[in-house]
Every structure is written in C-alpha cells, then in structure tokens.
Amino acid sequence: MTTSVPTAHPDALAELALRLAATGALPAYVYDLPALDRHAAAVRAALPGVELFYAVKANPDPELLRTLAPHVDGFEVSSGGEVVHVRSLFPDARLAFGGPGKTDAELALGAWRLHVESPHELRRLARIAGAEGADILLRANLKASIEGAALAMGGGATPFGMDEDGVAECLRLLDGAPHLRLRGVHAHLASGLDAARMLELADRVLGYARDLGLAEINLGGGMAVDYRNPAARFDWAAYGRGLAVLRRPGEVLRIEPGRALTVYCGHYLAQVIDVKRVHGETFAIVTGGTHHLRTPVTKGHDQPFTVIPGPGSDGPRVRDEHVTVVGQLCTPKDVFARRVPVAELAVGDVVAFAMAGAYAWNISHHDFLMHPKPGFHYLR
Ligand SMILES: *Cc1c(COP(=O)(O)O)cnc(C)c1O
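Note that the coordinates shown come from a computational prediction; the quantities given were computed from them, not determined experimentally.

1. Section: the domain arrangement of the protein
Part 1: Domain annotation of the protein identifies domain 1 (2–30 + 263–379) and domain 2 (94–257).
Part 2: When each unit is reduced to the centre of its C-alpha atoms, the spacing between domain 1 and domain 2 is 36 Å.
Part 3: Contacts between the two partners involve 14 residues from domain 1 and, on the opposite side, nine residues from domain 2.
Part 4: A buried area of about 1100 Å², summed over both sides, lies between domain 1 and domain 2, and 59% of it is on carbon and sulfur atoms.
Part 5: Summed over the shared surface of domain 1 and domain 2, the number is zero salt bridges.

Structure, rendered in structure tokens:
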C-alpha cells in the first residue's frame, strides 16, 4: 500500500459534478473509465506470467467490464445471473464459475472452469455435465492464519470450499467420473491482505496443490484497499515479483481480484441540502444516502470524500469543523462519515465520495424509502 497515484481527472469530475448539480441530476455515480483503463494496464503489467481474472461481483457495470476486458484473461463469476450477463457482453470470454450453493440450473450453464465447493456439488455436476464433461478446480479451504484480514472466506470453519476431508472425498468421486477433468485447486481465503501476506498464503496454497499433483492454481482475490487513504495502492509490483519467484515451470497461476481493480474508478456525488448543529455535533445532510452507497455501513469506515464548492446559497456554511455526513434515510445508520475535519462546507456544495467503484451501488438496498435512483455517468 505504498505507491501513490494522483486522482485522475479531478477537474473533469468537478466540472461534471457542477453540471449535474445545476440540472438537479444529483445524486449520481460517476465512473472514470480512463483511470480504470490505466490502473488495469498497470496491474496487468505487474503480473507477467500470471493469469488475471476480474471478479464480476465487485461491480458488473457493462462499461467497466468493457474497459477491463482488454486487460484481463477472463472473468470470475459467482451466479447464473453473472454468467448470463458476462456472456451477453463477451460471448467467448473465459469464465471461472465459483460460489457456494450453485443450483443444478446454474451448473448446467457450464463455464471454462467450474470451481467445485463440496462433494455433493461434485456429484450433481457429474450427473449434469453430460458427455462433454467439465473442467474443474476444487475449492480448498486450508487451515491458515489470516489475522488482519477484512473478511475471512477460509482458514477455518466457513461455508466456502472444502477442508482436506472434503477434497479427499472429491478425489475418490472423480475416480468414477472421467468426464470431469480435474485441472487444479482454487483458494480464495481472505480479503484485505497486503502483498506480503498474500504471498505467504500463495506459498501455502501452492504447496498444497503440488502435494495433490496439480499444476493449475487459482489464488483468488482479496487484495487490500485502504479506505483511509484513497491514494494508496496494493503493491502489485511486489506481488508480481513474489509470484514469479514462487511459480515453478509448468504451473499456471491465476488470480481473480475484484475490489482492488474497480474501487478507485467510482465516485458517488451527492449535494448538501442541509447543515445543522444538534447537541454539539455538526451534520451535513446530502441528497441520496447509504441506500445508494452502503459500503461505509457494511465495512464500518468513513467513506473518503472531497467537497466540490457549489454555486453558493444563503443556506448554512461551516469552516474548519468536524462534520458528520449523512443521507436522507430515516435511520441513524445512514452515515457516510463521522466527525471528519472539513475546511469548508455549505448548502449546495457537492460531496464527491471516492472509492465507490466496487461493492458500492450493487450491494446497496436501493428501494428503502423509495427515493429516486441515482444517475450513472462515465468520464471517457
Ligand atoms: C469476492 C470474490 C473474489 C474477489 O474478491 P475481492 O476482495 O473483491 O478481490 C474473488 N474470488 C472469489 C471466490 C470471491 O468470492
């Protein structure tokens, strides 16, 4: 989390923000596609010899997928809906299809790689796959220390993937299912780890795959992003160098990040409609709310933001104060950021929330309170 990248197009964002504010078109999401293009190219360049897939669940917006497509080797999908969505955009894309609880109908959609999550799923797949069979990876949940991770998908008891016993059962089942081609191991153990910790986990997963005699290894996603520092980036160069050292000849390594690819390209813009002091605390109330950008509530952080000065109004204005920024919902949970220092903020200003390009709009509870949906705009 060291490399500093300047915010892309600050002027273009501010200009668009004021145009949208002037026409009453806020709140809105704005995606900076050139910034995403540059970022994806840099990530790709840092990972020679490693297959890069994008985890679509982070943000399935078609414009983002089109921007990413030239830089990635395929897409990781986690539902039948995502399979159909990505195929409608890129009929020939390589799909790696994972996720617990795949239905028979979802398994029947097939994929370039299917990540098998349980012995029962493997039995169902053996029935459904038909004569052409399927290329599969077994999703392993290895015992591992993943201290410091933001989310744990493995390393202990979770519903994701299989422990050694589950994998052993699958290997026995595969002896009687020659139409299922076992390609390798999939492991997505944790989210929010830095490059050094990710490499430690990769080393463990590779050792595990080698013991099974498997040479195709999907190391998952989960590369850390730092919501306290929008300029920080996961150290892709160190990660790429480390993987190059770990990889043995003949092995195929694949990763499938989501958040760390798209989070930086998205902004959520909302306009300040009220500023007030209540029992000693200053609140700025903006149009929209966490029903559009749920991320700060689910992750318990302050969503980073900048203030774009509006045209001015006769409404309240604060200077050099700590401000709590909230939305329009009638719940105390509708908070974007708590008591953050703000140089100046007034009614009519636009608050531009950064790092809203992943797990933002698409994880939010849009219909709560029946406010209008935001607009979607793209810097090109
Ligand atoms: C969610 C998910 C990813 C992407 O995780 P990020 O934290 O967004 O990088 C990758 N693989 C699997 C299996 C996932 O469930």
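2. Describing the pairing of strand β11 (residues 252–255)
Part 1: Where strand β2 (residues 50–55) and β11 come together, three bridges link them in parallel fashion. In the sheet register, Leu52 faces β11, and the bridge partner there is Ile255.
Part 2: In this structure, strand β10 (residues 216–218) lies alongside β11, joined through three bridges in parallel fashion. Within β11, the position partnered with Asn218 by the bridge is Arg254.
Part 3: The handedness of the β10 to β11 crossover, carried by helix α9 (residues 236–246), is right-handed.

3. Overview of the nonpolar core
Part 1: Counting residues in hydrophobic clusters, the biggest one holds 101 residues, and the most contacted among them are Trp236, Tyr239 and Ile255.
Part 2: Broken down by element, this core gets its largest block of residues, nine residues, from helix α8 (residues 195–211).
Part 3: Residues lining this core come from more than one domain, with at least three contributed by each of domain 1 (2–30 + 263–379) and domain 2 (94–257).
Part 4: Contacts of Trp236, omitting those with residues within four sequence positions, involve His39, Val43, Ala46, Leu47, Met223, Ile255, Pro257 and Ala260.
Part 5: Ala28, Leu269, Val350 and Leu379 belong to the second largest nonpolar core, which has 13 residues in total.

Rules behind the numbers
Residues numbered from 1 in each chain as written. Predicted model: local features only at pLDDT ≥ 70, side-chain atom pairs only at ≥ 80, totals over all residues. Heavy atoms only, no water. Domains from an automatic or database assignment. Contact = heavy atoms within 4.5 Å. Buried area = accessible area lost by both parts, 1.4 Å probe. Salt bridge = Lys/Arg side-chain N within 4 Å of Asp/Glu carboxyl O. Pairing = 2+ DSSP bridges. Helix = DSSP H or I, 4+ residues; strand = E, 2+ residues; numbered from the N terminus. Right-handed = clockwise from strand over helix to strand, strands pointing away. Core = buried A, V, L, I, M, F, W, Y, C linked by side-chain atoms within 4.5 Å. Buried < 20%, exposed > 50% of the residue type's maximum accessible area, 1.4 Å probe, protein only.

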